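Structure at a glance
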Amino acid sequence: LRASRCNLLSSRMRLLSRRENLLITHLYYGLSAKTIAKITGKSHRTVQVQVANIKLKLGATKLSPILLAALVELGDKAVGCPCDACMRAESPLVR
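Residues numbered from 1 in each chain as written. Predicted model: local features only at pLDDT ≥ 70, side-chain atom pairs only at ≥ 80, totals over all residues. Heavy atoms only, no water.

1. Focus on the overall build of the chain
- Counting secondary structure elements, the chain contains six helices and zero strands.
- Starting at the N terminus and ending at the C terminus, the chain contains elements arranged as α-α-α-α-α-α.
- Scored against the burial criterion, the 95 residues of the chain give a buried share of 35%.
- A total accessible area of about 6,300 Å² is found for the chain, and carbon and sulfur atoms account for 56% of it. (Helix = DSSP H or I, 4+ residues; strand = E, 2+ residues; numbered from the N terminus. Buried < 20%, exposed > 50% of the residue type's maximum accessible area, 1.4 Å probe, protein only. Areas by Shrake-Rupley, 256 points an atom, 1.4 Å probe, with all protein chains shown as cover.)

Rendered as structure tokens:
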């Protein structure tokens, strides 16, 4: 059962764009829509719409911390975050 859930999550992850994967990483680290908007230079409403689109693509009603952790783990090898905030040493996203 666990393997089938992982396969389902992996197949749905392929539906997400690179930008959506980066947004998931920001959410995983606890950043709000307003903070993400400031980092990416977008409106916080745009970020909220992108989050809603991610939920639709994944078939999820909410992005729980466990789901975000699984998504980051699956996408971590393929997606790195190139934004300025992630490159700064004070950012929580620095690896």
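On we go from here.
2. Some points on the nonpolar core
- Ranked by size, the top nonpolar core spans 18 residues in total, and within it Leu23, Ile24, Leu27, Ile54, Leu58 and Leu63 carry the most contacts.
- Contributing elements (two or more residues each) for this core: α2 (18–28), α3 (33–40), α4 (44–58) and α5 (65–75).
- Excluding residues within four positions of it along the chain, Leu27 makes contact with Ile36, Val51, Leu63 and Leu68. (Core = buried A, V, L, I, M, F, W, Y, C linked by side-chain atoms within 4.5 Å. Contact = heavy atoms within 4.5 Å.)

3. Topic: the packing of α2 against α4
- One can describe the packing of α2 onto α4 by two numbers: an axis separation of 10 Å at closest approach and a directional angle of 105 degrees. Relative to α4, the element α2 lies roughly perpendicular. Contacts between α2 and α4 involve Arg19, Glu20, Leu23, Ile24 and Leu27 on the former and, on the latter, Val47, Gln50, Val51, Asn53, Ile54 and Lys57.
- Residues belonging to the contact of α2 with α4 are distributed by class as follows: six nonpolar, two polar and three charged. (Axes fitted to C-alpha atoms, helices over the stretch in contact; angles between N-to-C directions. Parallel < 35°, antiparallel > 145°, perpendicular 65-115°, else oblique. Nonpolar A, V, L, I, M, F, W, Y, C, P; charged D, E, K, R; others polar.)

4. Topic: the environment of Ser17
- With respect to the secondary-structure elements, Ser17 resides in the loop between α1 (2–13) and α2.
- A C-alpha to C-alpha distance of 9.3 Å links Ser17 and Ile54, two positions 37 residues apart in sequence.

5. Brief notes about the packing of α3 against α4
- It is at 8 Å that the axes of α3 and α4 come closest, and there the two elements cross at 110 degrees. Relative to α4, the element α3 is oriented roughly perpendicular. α4 is crossed by α3, and the crossing has right-handed handedness. Across from Ala33, Lys34, Ile36 and Ala37 in α3, the residues of α4 making contact are His44, Val47 and Gln48. (Left-handed = near helix turned anticlockwise from the far one by under 90°.)

6. Digging into the pattern of salt bridges
- Under the definition given, this model contains one salt bridge.
- The partner of Glu20 in a salt bridge is Lys57, and the shortest N-O contact between them spans 2.9 Å. Taken as a pair, Glu20 in helix α2 and Lys57 in helix α4 lie far apart in primary sequence, 37 residues in all.
- You can call Lys57 partly exposed: its relative accessible area is 31%. (Salt bridge = Lys/Arg side-chain N within 4 Å of Asp/Glu carboxyl O.)

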